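Geometric and topological summary
Here are the chains, one letter per residue:
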Amino acid sequence: SQKIEQNSEALNIQEGKTATLTCNYTNYSPAYLQWYRQDPGRGPVFLLLIRENEKEKRKERLKVTFDTTLKQSLFHITASQPADSATYLCGTGFQKLVFGTGTRLLVSP
Amino acid sequence: DTAVSQTPKYLVTQMGNDKSIKCEQNLGHDTMYWYKQDSKKFLKIMFSYNNKELIINETVPNRFSPKSPDKAHLNLHINSLELGDSAVYFCASSQGRSVSGNEQFFGPGTRLTVL
């Protein structure tokens, strides 16, 4: 069955740096990948979708890449701010959306 | 205006009880979901309805029964609650099914604690 893996360890970076989060998938060739942000005590919020025929997608300070050879998606936040601190989930699927465990990002001032 | 709302926000109950969680979306979407997020924060789909029809029914104990009275509502009823049912339950909606990659809008979650 499809498997989505994200680094379960928290990522600590300093304000102003670029945060890069990784999402790897196995046993599957997804048609798309989605990225969500989840704050404590809240539901996930959709950020970006990238399709298999797209190498890169951008939205303001966010950038997502999709490498079907490496079976990997990278999520970048440039000029990170403490307000970017949250858990970021990647997900993909066919009949259903399967999420990774999420990576917690901590941006310190 | 709240897009996807759930009630209650918190639910504390004894083992063996029956409880319900309600979900409503005002986005005009045709597909609704129930997810369970466990203590390790793993978010897993339980059910999905499209136009009031059940289309995804994951390996979930049959003590869990979803009901969609109309496209804007999806309720979750849980019978004979067990300790392991303690989790946060999220309702979500989308226009179109997961196969299309349509973004999902999540509710605020219901934290269920079974004592």
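Residues numbered from 1 in each chain as written. Chains lettered and ligands numbered in written order. Predicted model: local features only at pLDDT ≥ 70, side-chain atom pairs only at ≥ 80, totals over all residues. Heavy atoms only, no water.

Some details on the state of the cysteines
In this structure the tally under the stated criterion is two disulfides over all chains. Shown here is the disulfide that connects C23 of chain A with C90 of chain A, its sulfur atoms set 1.9 Å apart. With the S-S dihedral at roughly 65°, the linkage between C23 of chain A and C90 of chain A falls on the right-handed side. In this pair, C23 of chain A sits in strand β3 (residues 19-26) while C90 of chain A sits in strand β9 (residues 86-92), placing the two residues 67 residues apart along the sequence. Each member of the pair C23 of chain A and C90 of chain A is classed as buried. Here C23 of chain B engages in a disulfide with C91 of chain B; their sulfurs sit 1.8 Å apart. Because the sign of the S-S torsion sets the handedness, a value of about -75° for the bond joining C23 of chain B and C91 of chain B places this disulfide among the left-handed ones. Separated by 68 residues along the polypeptide, C23 of chain B in strand β3 (residues 19-25) and C91 of chain B in strand β9 (residues 87-94) bring together distant segments of the chain. Note on C91 of chain B: relative accessible area 0%, which makes it buried. (Disulfide = S-S within 2.5 Å. Helix = DSSP H or I, 4+ residues; strand = E, 2+ residues; numbered from the N terminus. Buried < 20%, exposed > 50% of the residue type's maximum accessible area, 1.4 Å probe, protein only.)

Some words on the interface of chain B and chain A
Each partner contributes to the interface: chain B provides 20 residues, whereas chain A provides 20 residues. Both sides of the chain B and chain A interface together cover about 1600 Å² of buried area, and 54% of this is carbon and sulfur. Summed over the three residues of chain B that lose the most area to chain A, namely L43, V99 and F106 of chain B, the buried surface amounts to 26% of that side. Put simply, chain B and chain A have one salt bridge between them. Residues that form the side of chain B that touches chain A fall into these classes: nine nonpolar, seven polar and four charged. (Contact = heavy atoms within 4.5 Å. Buried area = accessible area lost by both parts, 1.4 Å probe. Salt bridge = Lys/Arg side-chain N within 4 Å of Asp/Glu carboxyl O. Nonpolar A, V, L, I, M, F, W, Y, C, P; charged D, E, K, R; others polar.)

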